[in-house]
Each structure stands twice: as structure tokens, then as C-alpha cells.
Amino acid sequence: MTVTISWEAASARRLERQFLANPATGAAAVPTVVASMLGAHAQVLSAAELSIGVRITGATRTDVRAALWEHRTLLKTHGPRGTVHLLPTRDLPLWTSALPAIPSGAGPFAPEVRVTEQQAQQIVTAIEDALDGACLTIDELSDKVVARTGPWAGDPVMPAFQGMWPRWRQVLHRAGQSGALCFGPDRGRKVTYTRPPRFDPLPATEAVPALLLRYLHAYGPATPAYFAKWLAAPTAWAARLFEEQAASGAIEEVGFEGASAWVAAGDTEFPSQGWRGVRLLPYFDAYGIAAQPRESLFPGEAYGRALARGQAGNYPVLLVDGAVAGVWHLRRQGKRAVVTVEVLGSSSGALKARQEEALAEQVDRLGEVLGMRPELVRGEVRVGPHA
């Protein structure tokens, strides 16, 4: 008989495995926590620092930066969906084999702008060679890539913010996903790139199933559609992968939210009750992006207020008892961190006494992570720049 999992039980287990229900302790836990998240979205690095910091008691953004730039136990590079993430350095053999093996559709560029697969491989090789033992700005890297490939790579054909980028830039994320490139420390206001530490990648035939099992451990029960959405991969490809892993006995089927879903084989123990508590999650937090179904995580008014056309991550969210119950905004004023919270779903916007106390504790925790004096303000959120 198929095991049936409730949303409350799934949510509680996910929060435990994300170190949100019970935070880890101490700065040494930073790479372990990031591994549990399957990467921290770092397009806005300060948001990634908060995502990690709220999961570790006693850790601050300084500890995250030390792991990234000093100890190199974290790397800033291109991860799931081609977006910038912080990933544990020890996991590069997995990520750099699994991500390039995921099929993608046609790029967003016009045919005359695109590169062929052969050209893309040339560019990735040129990037890897140019960054070996070097730390380069994007302009310095561009000169070296064009010199190693040909003038065609430098053609300014890609629409950019205030001009046109060279053709080779459309392959930049592929270089990150394959381990040819990662971010280096900023040089003043300029971003730099370098090459990750040497490592031996896993065979793709091992890495892709291993990534699926990690995903199911963190966010299961899940369907092929959930996995595909998380990776921005074709649903048909994900369905075939699930079928293969089910046939091999690596995953098993369960009932979840009125439909079939999957967990790693034998991983069917879930909490007997839902989680109770309050958490403040920043922009693009891994849990808000990956946990599905969205209708359960963002119930009622939250679905329209805390998502952007159904996409998660564009708003920092207030999590109450395992579901999104509001949004919040951080404003820096000198050494103060002013946190404005909008509670959704009731005419008064009131929380219970225990929830108000937990919210105040979470605001204090944000202040600790940021090294600032926190201040909680209740009222309408003014959505502004990223935290």
C-alpha cells in the first residue's frame, strides 16, 4: 500500500532538513548548511548571506564571506537554472557533471546571435585556460577569450543593459556550471572571475541520479514536474529520469497532495505533526523557490502577494507554521536594520502572542547576521531594493 504524506508532514521534514526548524551551530557549519539547501541563490550576495545566516546560530555574514573568500569552502558560481549560487567546494564534482548533462531548449537569442555547440565548447575551453592561475575582470577575460577563439566570439551582438555584449558572453553560465569558472573577490567595484580548485568530476551517469536523490532528500515528496521546474529543465526529460530511477529501485512512490509523488527509496519517515514557528526568509531563499506545491506553501492571499506571476523569490517572505503568511522589507539606516513586516490573511494582520514573540526573535537574528541594530516595524511593506 502506498504511503500517503500530508503537506504538514512534508513541510515539517523539509524545514528540519533545511536547518530552518532547528538551526545548525557555529561558522564551521556553513558548507554543510549550503549543501542541505542545494545551493544558496547569490545573484544578490547579501540575500545569500542572510539565507545561510538564519540557518546557523551564532553565524554572521562575515562567516559566510570568510567561507567564500578566505577558506574557499564555498564558491560563487553558476548553479541550478544557470543562476548565480553559492555552492560547497566539496560538491563541485557532482554539480559540474550533473548540470551540463541537463538538456536545455533553444536559447533566447536570435539565430544570427547564437553560437554552435562546437563554438560553445571552444569558448568554455578558452575561459578555462585564460583563468588558470588568474583573476580577471570581465573585460580582461573577454580579450583573452577572443584571442583564443577568434574575432567572431567578440562580435557585439548580445543586447545588454546599456549597449551590446560580445557573442561569447552567452556561454558564461555554461563555463560556471562545468567548473571552468567561478567568481573571484571584487576588484574595487568590478567583478572578477577565476578558476575553481582542481577536482575530478563524477561521471554524468552517476551525478544526475545523485542530484535527484539529494533533491528528494531536501524537498521530497516531489514529482518530475517539480524537479524540472527547479532545474529549468524539460519535464519530459525529468519524467524519464524518474522512471529510470524507479525501475532501478532508487526511488519509491508515495501519495502527496492528492497525487503521486516520489521520495528516495526507504526515506518515508516524516514528522507526525506540522512545524510550529516563525521564520523570515530573504529574497530568493532556496526553500521558497524549491518547495512545492506552491499553492500550499503560498496559500490564499500569499499566492498573489508574495509571488511574481507565480514565480517565487522576488519578495522576502514571512513563514508562519510552515506556510507563507506575509512579506517583509529590510531598510538600512546607518547602523540600524529596519524590518517592516506585512502579515497577510486577516483583516487585522495580527499574529498570536507566541508568533509575535517568535517574530521579534527572528528580527533580532537578522540583526545579528548583519551586525546591525534591528528594529521591527509593522505595517504596509514598501517593496524596494534587494536586501
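Residue positions are given per chain, counted from 1 along the sequence in the order it is written. This being a predicted model, a pLDDT of at least 70 is required before a residue's local features are given, and a value of 80 or more before pairs of side-chain atoms are given or counted; all residues contribute to the totals for chains, interfaces and linings. Note that water and hydrogens are dropped before the side-chain values are worked out from all heavy atoms of the structure.

1. Examining the overall build of the chain
Strands are runs of DSSP state E lasting at least two residues, helices are runs of H or I lasting at least four, and both sets are numbered from the N terminus onward. Check the secondary structure of the chain and you find 15 helices and 18 strands. Taken over the C-alpha trace, the chain has a radius of gyration of 22 Å; the compact-globule value for 387 residues is 21 Å, and the two agree within 12%. Projecting the C-alpha coordinates of the chain onto the three principal axes gives extents of approximately 65 × 60 × 40 Å. The contact definition used throughout considers only heavy atoms, calling two residues in contact when any of these lie within 4.5 Å. Looking at the chain alone, contacts between residues at least 24 apart form 64% of all its contacts between residues at least 6 apart. All radius of gyration figures rest on C-alpha atoms, and the globule criterion is 2.2 Å times the number of residues raised to 0.38.

2. Re the packing of helix α9 (residues 204–219) against helix α11 (residues 235–247)
Axes here mean lines fitted to C-alpha atoms, for a helix over just the part in contact, with angles spanning 0 to 180 degrees between N-to-C directions. With their axes 11 Å apart at the nearest point, α9 and α11 run at an angle of 90 degrees to one another. The angle between α9 and α11 places the two elements in the roughly perpendicular class. Listed contacts from α11 to V208, P209 and L212 of α9 are W237, L241, F242 and Q245. Nonpolar residues are Ala, Val, Leu, Ile, Met, Phe, Trp, Tyr, Cys and Pro. Charged residues are Asp, Glu, Lys and Arg, and all others, Gly as well, are polar. Partitioning the contact of α9 with α11 into residue classes produces 6 nonpolar, 1 polar and no charged. Should an angle lie under 35 degrees it is considered roughly parallel, over 145 roughly antiparallel, and from 65 to 115 roughly perpendicular; all remaining angles are considered oblique.

3. Points about the sheet that holds strand β15 (residues 317–320)
Paired strands are those between which DSSP finds at least two bridges. The 5 strands are arranged β14-β15-β16-β17-β18 in an open sheet whose pairing can be described as mixed. Since the sheet does not close on itself, it has two edges, and those belong to β14 (278–281) and β18 (373–378), each with one partner. On average, adjacent strands in this sheet sit at an angle of 30 degrees to one another, irrespective of strand direction. Judged from the 8 bridges that link them, strand β16 (residues 323–333) and strand β17 (residues 336–343) form a sheet pairing that is antiparallel.

4. With respect to helix α15 (residues 353–370)
Here α15 spans 26 Å end to end across 18 residues, near enough to the 26 Å set by a 1.5 Å rise per residue. Looking one or two residues past α15, G371 carries a phi angle of roughly 70 degrees, positive in sign. To estimate how far a helix should reach, multiply one less than its number of residues by 1.5 Å.

5. Some details on the sheet that holds strand β3 (residues 40–41)
Across the sheet, which stays open at both edges, the 3 strands sit in the order β3-β6-β5 with antiparallel pairing between neighbours. Unpaired on one side and paired on the other, β3 and β5 (74–78) mark the two borders of the sheet. Note that β3 and strand β6 (residues 84–88) share 2 bridges and pair antiparallel. When the bridges of β6 are listed, H41 appears paired with H85. The sheet contacts of helix α2 (residues 30–37) involve β3, β5 and β6, and relative to β6 the element is tilted by about 125 degrees. Docked against the sheet, helix α4 (residues 61–70) engages β5 and β6, running at close to 75 degrees with respect to β5.

6. Thoughts on the pairing of β15
If a strand is regular, its side chains alternate between the two faces of the sheet. Judged by which residues are buried, β15 turns out to be covered on both faces: V317 and L319 on one side and L318 and V320 on the other are all buried. Relative to β15, β14 runs antiparallel, the two sharing 4 bridges. Bridging from a neighbouring strand, L280 pairs with L318 of β15. Accessibility here uses a 1.4 Å probe with only protein chains present; expressed as a share of the type maximum, an area under 20% marks a residue as buried, one over 50% as exposed, and anything in between as partly exposed.

7. Some points on empty space enclosed by the protein
Every definition here rests on a 1 Å grid over the protein atoms only: cavities are sets of points where a 1.4 Å probe fits but cannot get out, pockets are open sets enclosed by protein on both sides within 12 Å along at least five of seven lines, and lining residues have some atom within 4 Å of a point. Grid points are joined across faces, edges and corners, and a volume is the space filled by probe spheres set on the points. Inspection of the entire model under this criterion finds 3 cavities of 30 Å³ or more. In this structure, the largest cavity spans a volume of roughly 60 Å³. Lining the largest cavity are 13 residues, and of these G39, R81, H85, W230 and A286 lie nearest its centre. In terms of residue count, the dominant contributor to the lining of the largest cavity is helix α12 (residues 286–290) (3 residues). Considered class by class, the residues forming the lining of the largest cavity number 9 nonpolar, 3 polar and 1 charged. Roughly 60 Å³ of volume is contained in the second largest cavity. Here the lining of the second largest cavity is built from residues that sort into 8 nonpolar, 2 polar and 1 charged.

8. Notes on unusual backbone geometry
With an omega of 0 degrees, the peptide bond between G220 and P221 qualifies as cis. In this structure, P221 sits in the loop between α9 and α10 (224–231). A positive phi is found at F284, a non-glycine position, where the angle reads about 55 degrees. Among the secondary structure elements, F284 is positioned in the loop between β14 and α12. Here F284 falls in the buried class, since its relative accessible area comes to 17%.

9. Section: the pattern of salt bridges
Within this document, salt bridges are pairs made up of a side-chain nitrogen of Lys or Arg and a carboxyl oxygen of Asp or Glu, the two lying within 4 Å of each other. If you walk through the whole model with that rule in mind, you get 15 salt bridges. A salt bridge links D91 to R214, with the nearest nitrogen and oxygen atoms 3.0 Å apart. Of this pair, D91 sits in the loop between β6 and α5 (92–98) while R214 sits in helix α9, placing them 123 residues apart in sequence. Salt-bridge contacts for R336 lead to E375; the nearest nitrogen and oxygen are separated by 2.2 Å. Taken together, the residues R336 in strand β17 and E375 in strand β18 connect sequence positions 39 residues apart. The network of salt bridges with common partners includes E128, D132, R195 and R198.

10. Examining the state of the cysteines
Throughout, a disulfide means two cysteine sulfur atoms within 2.5 Å of one another. One pass over the full model with this rule turns up 0 disulfides. Counting only cysteine sulfurs, C182 is the nearest neighbor of C135, a cysteine outside any disulfide, at a range of 8.4 Å. The class of C135 is partly exposed, set by a relative accessible area of 32%. Owing to a relative accessible area of 0%, C182 belongs among the buried residues under this scheme.

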